[in-house]
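# Structural characterization, general
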Amino acid sequence: QVQLVESGGGLVQPGGSLRLSCAASGTFFSIYTMGWYRQAPEKQREMVATIPSGGAPNYADNAKGRFTISRDNAKNMTYLQMNSLKPEDTAVYLCTANIRATRYLSINTYWGLGTQVTVSS
């Protein structure tokens, strides 16, 4: 069974930084695109950044220049370095990954439970 587990959230002052981590565990054949989404109270879930298994990352406009997504394929992990954080970045950050569980199954999208990021003075 595939699981995604996020870590690294917390409370940070405006202008500060946080680094989120996401680990994929379980038995699977291959991981394709990994990414981060966020959901603030009473707002729709929105994409923050995604990164394919071999290619350039993609960022939401409000993340460009401040956030950096990376991945370690050997460890089945993805990271989100967040700098110059603003109060409007406050949200639950969720990790997602497109994973083929076995060679013969289709690719499914998996989600973690999320980690809370609060930006406040």
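Structure: above.
Anyway, here's the lowdown on the structure attached to this text. Here the structure is a predicted model, which means the values were calculated and not measured. (Residues numbered from 1 in each chain as written. Predicted model: local features only at pLDDT ≥ 70, side-chain atom pairs only at ≥ 80, totals over all residues. Heavy atoms only, no water.)

A full pass over the atoms with the stated rule returns four salt bridges. When the shortest N-O distance is used, the salt bridge between D61 and K64 registers 3.3 Å. Accessibility expressed as a relative area gives 66% for D61, which makes it exposed. Three or more residues are tied together by salt bridges with common partners; here these are R38, E46, R66 and D89. (Salt bridge = Lys/Arg side-chain N within 4 Å of Asp/Glu carboxyl O. Buried < 20%, exposed > 50% of the residue type's maximum accessible area, 1.4 Å probe, protein only.)

This paragraph deals with the packing of aromatic side chains. Under the definition given, this model contains one aromatic pair. Ring geometry for Y37 against W111: centres 5.1 Å apart, planes inclined by 75°, an arrangement best described as edge-to-face. With a gap of 74 residues between them, Y37 in strand β4 (residues 30-39) and W111 in strand β10 (residues 107-111) connect regions that are remote in the sequence. Seen from the ring of Y79, R19 lies directly overhead, with NZ or CZ sitting 4.1 Å from the centre. Positioned over the ring face of W111 is R45, at 4.6 Å from the centre of the ring. (Phe/Tyr/Trp six-rings, centres within 6.5 Å; stacked < 30°, edge-to-face > 60°. Helix = DSSP H or I, 4+ residues; strand = E, 2+ residues; numbered from the N terminus. Lys NZ or Arg CZ within 6 Å of the ring centre and 35° of its normal.)

Glancing now at the sheet that holds strand β8 (residues 77-82). Strands sit in the order β1-β3-β8-β7 across an open sheet of four strands; the sheet is antiparallel. Since the sheet does not close on itself, it has two edges, and those belong to β1 (3-7) and β7 (67-72), each with one partner. For this sheet, the mean inter-axis angle between neighbouring strands, taken without regard to orientation, is 15°. Bridge count for strand β3 (residues 18-25) against β8 is six bridges, and the pairing is antiparallel. (Pairing = 2+ DSSP bridges. Axes fitted to C-alpha atoms, helices over the stretch in contact; angles between N-to-C directions.)

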